[in-house]
Amino acid sequence: MPFPGDIIDVKLSAGKGLKVSRNAFLAASPASVDITGKMNWRALIPVGQDEGLVLTKVSAPPESDAVVWLASYGHIEKHTLKTKEERMLVDNENFLACDVDVGYTIASVGGLKSLVFGGESFAMEFAGPCELYTQTKGLKSFAATLQSFMTVSEGSGISIGF
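Before going into details, it helps to say that this report is about the structure given with it. (Residues numbered from 1 in each chain as written. Predicted model: local features only at pLDDT ≥ 70, side-chain atom pairs only at ≥ 80, totals over all residues. Heavy atoms only, no water.)

**Some thoughts on the sheet that holds strand 8 (residues 87-90)**
Okay, step 1: What the 3 strands build is an open sheet, ordered 8-11-10; its pairing is antiparallel. At either end of the open sheet lies a strand with only one pairing partner, and these are strand 8 and strand 10 (105-108). Between one strand axis and the next, the sheet turns by 40° as a mean value, whatever way the strands run.
Okay, step 2: Bridge analysis of strand 8 against strand 11 (residues 122-127) gives 4 bridges, and the strand direction is antiparallel. Following the sheet pairing, Val90 is matched in strand 11 by Met124. (Pairing = 2+ DSSP bridges. Helix = DSSP H or I, 4+ residues; strand = E, 2+ residues; numbered from the N terminus. Axes fitted to C-alpha atoms, helices over the stretch in contact; angles between N-to-C directions.)

**Quick look at the pairing of strand 1 (residues 7-12)**
Okay, step 1: Only one face of strand 1 is buried, namely the one carrying Ile8, Val10 and Leu12, since none of Ile7, Asp9 and Lys11 on the opposite face is buried.
Okay, step 2: Bridge count for strand 1 against strand 6 (residues 66-71) is 6 bridges, and the pairing is antiparallel. Directly across from Lys11, in strand 6, lies its bridge partner Val67. (Buried < 20%, exposed > 50% of the residue type's maximum accessible area, 1.4 Å probe, protein only.)

**As for the environment of Lys82**
Okay, step 1: With respect to the helices, strands and loops of the structure, Lys82 is situated in the loop between strand 7 (76-81) and strand 8.
Okay, step 2: Along the backbone, Lys82 and Cys130 are 48 residues apart, and their C-alpha atoms lie at a distance of 6.7 Å.

**Some thoughts on the sheet that holds strand 6**
Okay, step 1: The 3 strands lie next to each other as 1-6-3, forming an open sheet whose pairing is antiparallel. Every interior strand has two partners, whereas the edge strands, strand 1 and strand 3 (25-29), have only one. Looking at each pair of strands side by side, their axes are set apart by 20° on average, direction ignored.

Pasting the structure below:
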């Protein structure tokens, strides 16, 4: 599946793992990398969670290091929060990956006005120390961008104009 954004490699030490956003995992080496689902219990709250009930968990084998390739629909940025006082709010659509042991909370942003008129009022809040990866454009935003170039003509189907 081709991606119109970045592809990065993330090195994992033996036994370490990543929580990865839906559709972000591309490849891994060695072949013994463990790829499973990690329950995302926060998805049971129907607001602020587009990641679904299961996040992908990618772990290096206990006996060797590994490399994982992640793909995005936009530019990928790595963020390092060095102390527990450092915090970062991330729109769930822009979350790409973090260490499997990193937790986050659902934070309220804006207020009722933001929820009613903007559709957003919740975000993922990470606290340091941790490293996480974000993407500048998620799948929904990418699809909306493509849709803006599509036109439907009567009897001729869909055409795309750039």
